[in-house]
Amino acid sequence: MLQLHHHPGTASTIVHLLLKELGASFELVLVDRPNNAHKSDHYLRLNPNGLLPILVDGELVLYETAAICLHLCDTHTAARLVPAIGSVDRAHFYKWLMWMTNTLQASLLLYFYPDRWVDAGQVDAAAQIKAHAQTKIEGLLAQADAQLAQSQGPWFLGAEYSALDPYLFTLCRWTRGFNRKPARAFANLGPYLQRVLQRPATQ
């Protein structure tokens, strides 16, 4: 059985949602993140980066959220949560998946953890990083909003729900506390997030 090492609200939520959409049989293993269990020797043997999530599939131990999503789509092809290999839609799927993990998610981590990038006690520097990150994120959300307008929905790539949708939904959820313009405030993203929220797997 598949095993997902997770903590609610983290990037592991993306994989959790995807597993529910796939109708896969899996076990949830709660990682006590508030008490730094993800930095324990046991956990670091699974993922030396000390990050969530981890998927265990038999002898395979896999980390990096985007890689896990691709593996699950490749091993559950009947669910059709990724476009056909070699198609233009598949190329765009790859592009947006990498954009979500390398660009939007990376910027969100700067926003939430600016102190990791400055020397201890540099409060003003951390605040500046956080402010710049929020400005960048708002621009990226506008890019996602424009893609939704272009695809003409109801889903991110158009008519078909894909693994990109739980990914973007989770990242957008992280912006709910923004003091300027969270994802739900964008014209296309707002209704889109509600559509994802109403899916049985999300519920």
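In this text, all values refer to a predicted model and were calculated from it rather than measured experimentally. (Residues numbered from 1 in each chain as written. Predicted model: local features only at pLDDT ≥ 70, side-chain atom pairs only at ≥ 80, totals over all residues. Heavy atoms only, no water.)

Draft legend 1. Local environment of the side chain of Asn47. Looking at the secondary structure, you find Asn47 in the loop between helix H2 (41–46) and strand S3 (54–57). At 2.9 Å, the side chain of Asn47 and the backbone nitrogen of Asn49 are in polar contact. Those residues in contact with Asn47 that sit more than four places away from it in its chain are Ile54 and Tyr63. (Helix = DSSP H or I, 4+ residues; strand = E, 2+ residues; numbered from the N terminus. Polar contact = N/O pair within 3.5 Å; in protein donor to acceptor, adjacent residues only side chain to side chain. Contact = heavy atoms within 4.5 Å.)

Draft legend 2. View of the pattern of salt bridges. Tallied over the entire structure, the rule returns 3 salt bridges. The salt bridge partner of Glu21 is Arg199, with a shortest N-O separation of 2.8 Å. Taken as a pair, Glu21 in helix H1 (residues 12–22) and Arg199 in the segment after helix H7 (189–197) lie far apart in primary sequence, 178 residues in all. Between Glu138 and Arg180 there is a salt bridge whose closest N-O contact spans 3.2 Å. Residue Glu138 is located in helix H5 (residues 123–151), and its partner Arg180 is located in the loop between helix H6 (164–173) and H7; the two are separated by 42 residues in the primary sequence. By relative accessible area, which is 47% here, Arg180 ends up partly exposed. (Salt bridge = Lys/Arg side-chain N within 4 Å of Asp/Glu carboxyl O. Buried < 20%, exposed > 50% of the residue type's maximum accessible area, 1.4 Å probe, protein only.)

Draft legend 3. Seen up close, the nonpolar core. Ranked by internal contacts, the top residues of the largest apolar core, which has 52 residues, are Leu72, Phe156, Leu168, Leu189 and Tyr192. Contributing elements (two or more residues each) for this core: strand S1 (2–6), H1, helix H3 (65–75), helix H4 (88–112), H5, H6 and H7. In terms of residue count, the dominant contributor to this core is H4 (8 residues). Tyr43, Leu52, Ile54 and Val56 belong to the second largest nonpolar core, which has 5 residues in total. (Core = buried A, V, L, I, M, F, W, Y, C linked by side-chain atoms within 4.5 Å.)

Draft legend 4. Summary view of H6. Extensive coverage of H6 is indicated by the burial of 9 of its 10 residues. Buried residues of H6: Leu164, Asp165, Pro166, Tyr167, Leu168, Phe169, Thr170, Leu171 and Cys172, and no others. Those residues of H6 that are buried lie in contact with H1, H3, H4, H5 and H7.

Draft legend 5. Spatial organisation of H3. Where H3 is concerned, the buried positions are Thr65, Ala66, Ile68, Cys69, His71, Leu72 and Cys73. Of the surrounding secondary structure, the elements contacted by the buried residues of H3 are S1, H1, S3, strand S4 (60–63), H4 and H6.

Draft legend 6. Representation of the pairing of S3 in the model. As paired strands, S1 and S3 are joined by 3 bridges and run antiparallel to one another. In the sheet register, His5 faces S3, and the bridge partner there is Ile54. Alignment of S3 against S4, held across 4 bridges, turns out to be antiparallel. In the sheet register, Asp57 faces S4, and the bridge partner there is Leu60. In sequence, S3 turns back onto S4 through a hairpin of 2 residues, with Gly58 there showing a positive phi of about 65 degrees. (Pairing = 2+ DSSP bridges.)

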